[in-house]
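# Reading the structure
Next come the chains, spelled out residue by residue.
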Amino acid sequence: DVKVTQSSRYLVKRTGEKVFLECVQDMDHENMFWYRQDPGLGLRLIYFSYDVKMKEKGDIPEGYSVSREKKERFSLILESASTNQTSMYLCASLRETQYFGPGTRLLVL
Amino acid sequence: GESVGLHLPTLSVQEGDNSIINCAYSNSASDYFIWYKQESGKGPQFIIDIRSNMDKRQGQRVTVLLNKTVKHLSLQIAATQPGDSAVYFCAENMGDMRFGAGTRLTVKP
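Let me begin by describing the structure that accompanies this report. All values reported here derive from a predicted model rather than from experimental measurement.

On to the overall build of chain A. Helix and strand counts for chain A come out as zero helices and eleven strands. What you see in chain A, going N to C, is helices and strands ordered as β-β-β-β-β-β-β-β-β-β-β. Scaling as 2.2 N^0.38, a compact globule of 109 residues should have a C-alpha radius of gyration of about 13 Å, and chain A matches this with 13 Å. Each of the three principal axes of chain A carries a C-alpha extent, and together these read 35 × 25 × 25 Å. Going through the 109 residues of chain A one by one, you find that 50% of them count as buried.

Moving on: the overall build of chain B. From N to C terminus, chain B includes zero helices and eleven strands. Over its C-alpha atoms chain B spans a radius of gyration of 13 Å, differing by no more than 12% from the 13 Å that the globule rule assigns to 109 residues. Overall, chain B is about 40 × 25 × 20 Å in size when its C-alpha atoms are taken along their principal axes. Classification of the 109 residues of chain B by burial places 44% in the buried group. Of the accessible surface of chain B, which amounts to about 5,300 Å², a share of 46% is contributed by carbon and sulfur atoms. Taking the average location of the 11 positive side-chain charges in chain B and that of its 10 negative ones, the two points are 2 Å from each other.

Let's shift gears to the interface of chain A and chain B. Reports often express the size of an interface as the amount of accessible area lost when the parts come together. Taken together, the contacts link 19 residues of chain A with 20 residues of chain B. Here chain A packs against chain B, burying approximately 1,400 Å² in sum over the two surfaces, 54% of which is carbon and sulfur. Linking chain A with chain B are one salt bridge. The partner of D59 of chain A in a salt bridge is R98 of chain B, with the nearest N and O atoms 2.3 Å apart. On the surface where chain A and chain B come into contact, there are four residue pairs in polar contact (both at pLDDT 80 or more). Contributions of two or more residues to the side of chain A that touches chain B are made by β4 (31-38), β5 (42-49), β9 (87-94) and β10 (98-100) of chain A. Considering every element that reaches the side of chain A that touches chain B, the biggest residue donor is β5 of chain A, with four residues.

Tallying each qualifying case throughout the model produces twelve salt bridges over all chains. Linking R57 of chain B and D49 of chain B is a salt bridge whose minimum nitrogen-to-oxygen distance equals 2.2 Å. Using a relative accessible area of 10% as the deciding quantity, one classes D49 of chain B as buried. Counted as one network, the salt bridges with shared partners bring together D28, E30 and K71 of chain A.

Residue and element names in this part refer to chain B. Among the seven residues in strand β4 (residues 32-38), seven count as buried, and that is most of the element. Side chains Y32, I34, Y36 and Q38 project from β4 onto one buried face, and the interleaved F33, W35 and K37 project onto a second face that is buried too. Where β4 folds back on strand β5 (residues 45-51), the antiparallel hairpin that results is connected by six residues, among which G41 adopts a positive phi of roughly 80°.

Another point: the state of the cysteines. All names here are of chain A. Taken as a whole and assessed by the stated rule, the structure comprises two disulfides over all chains. Between the sulfur of C23 and that of C91 lies a disulfide, 1.8 Å long from S to S. Taking the sign of the S-S torsion, about -75° here, the bridge from C23 to C91 comes out left-handed. Taken together, the residues C23 in strand β3 (residues 19-25) and C91 in strand β9 connect sequence positions 68 residues apart.

All names here are of chain A. In this structure, E22 sits in strand β3. For E22, a relative accessible area of 22% corresponds to the partly exposed category. Residues E22 and C91 lie 69 residues apart in sequence; the distance between their C-alpha atoms is 8.7 Å. Discounting chain neighbours no more than four positions away, the residues touching E22 are T5, Q6, S7, W34, R73, F74 and S75. Here S75 takes part through its side chain, which lies 2.5 Å from a polar atom of the side chain of E22.

Parameters and conventions
Residue positions within a chain follow its written sequence, with the count starting from 1. Naming scheme: in the order in which they are written, chains are lettered from A and ligands are numbered from 1. In view of the model being predicted, local features appear only for residues whose pLDDT reaches at least 70, and side-chain atom pairs are presented and counted only at 80 or more, with totals across whole chains, interfaces and linings using the full set of residues. As a rule here, side-chain values come from all non-hydrogen atoms in the structure, and water together with hydrogens is ignored. By the criteria applied, helices consist of DSSP H or I runs no shorter than four residues and strands consist of E runs no shorter than two, each listed in order from the N terminus. For the radius of gyration, the atom set is restricted to C-alpha positions; the globular benchmark scales as 2.2 Å times the number of residues to the power 0.38. Burial classification: accessible surface area is computed with a 1.4 Å probe over protein chains only, and a residue below 20% of its type maximum counts as buried, one above 50% as exposed, and the rest as partly exposed. Only the protein chains shown count as cover for residues, with accessible areas throughout obtained via the Shrake-Rupley method and a probe of 1.4 Å. Charge assignment in this entry is limited to Lys and Arg as positive and Asp and Glu as negative, and neither His nor the chain termini are counted. To locate a charge, take NZ of a lysine, CZ of an arginine, CG of an aspartate or CD of a glutamate. Should any heavy atoms of two residues lie within 4.5 Å, those residues are counted as being in contact. Defined in terms of a 1.4 Å probe, buried area is the accessible area two parts forfeit on being brought together, summed over both. Put simply, a salt bridge is a Lys or Arg side-chain nitrogen that is within 4 Å of an Asp or Glu carboxyl oxygen. Here a polar contact is recorded for every N or O atom pair within 3.5 Å, except that within protein the pair must consist of a potential hydrogen donor and a potential acceptor, and residues adjacent in sequence are included only if both atoms are side-chain atoms. Two strands are said to pair when DSSP picks up at least two bridges between them. Note on terminology: disulfide denotes any pair of cysteine sulfur atoms within 2.5 Å.

Next up, the structure:
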């Protein structure tokens with residue numbers, strides 16, 4: 001079974017804090033993705049990566065950055081968290097089929 | 001822009017009935033589609049996929065139909081059970097994955 005794990009299920013941060021969300025997959029997949037999910041808006045793509053050290057912007061990259069130093073790990077970084085970044089964050093990896101992690105629910109106060 | 005979308009945001013069915021969840025896509029170049037199920041508090045879970053060279057694919061109690069002429073995708077669930085209650089997403093693979101807003105399926109006992 002493919003396993004995609006995310007470092008935290010729930011996270012509470014303050015406005016202006018730097019936030020790291022970690023995602024690890026154990027199936028040697030090249031492609032990894034970060035989405036946020038908000039009520040009524042579905043899943044929106046923030047960033048994705050095709051390989052180590054490669055990154056591509058998705059639909060809503062503003063306020064976020066990513067890091068892919070190792071194939072199995074894809075990190076999402078909020079440089080200065082804001083309240084409008086309160087959301088559910090979902091990581092996924094893909095070879096032929098996309099597999100999701102359990103999600104991180106982030107609250108920014 | 002091109003997008004993936006769902007016709008109905010909610011669907012309520014009686015236990016034992018068949019369910020049909022619809023999805024429209026607008027990118028005729030998309031060649032791969034996935035249906036996901038997301039239960040409350042969890043990440044999306046792969047249900048079934050279909051490639052554009054197919055019209056129909058069947059799994060256990062689920063069938064996906066693809067109509068490329070009208071760019072329409074549907075998910076049929078046979079003998080719907082209470083455990084099928086969830087939000088269902090369709091997604092198209094264009095190099096990255098793009099999702100519709102989701103349809104909430106509620107199964108009435």
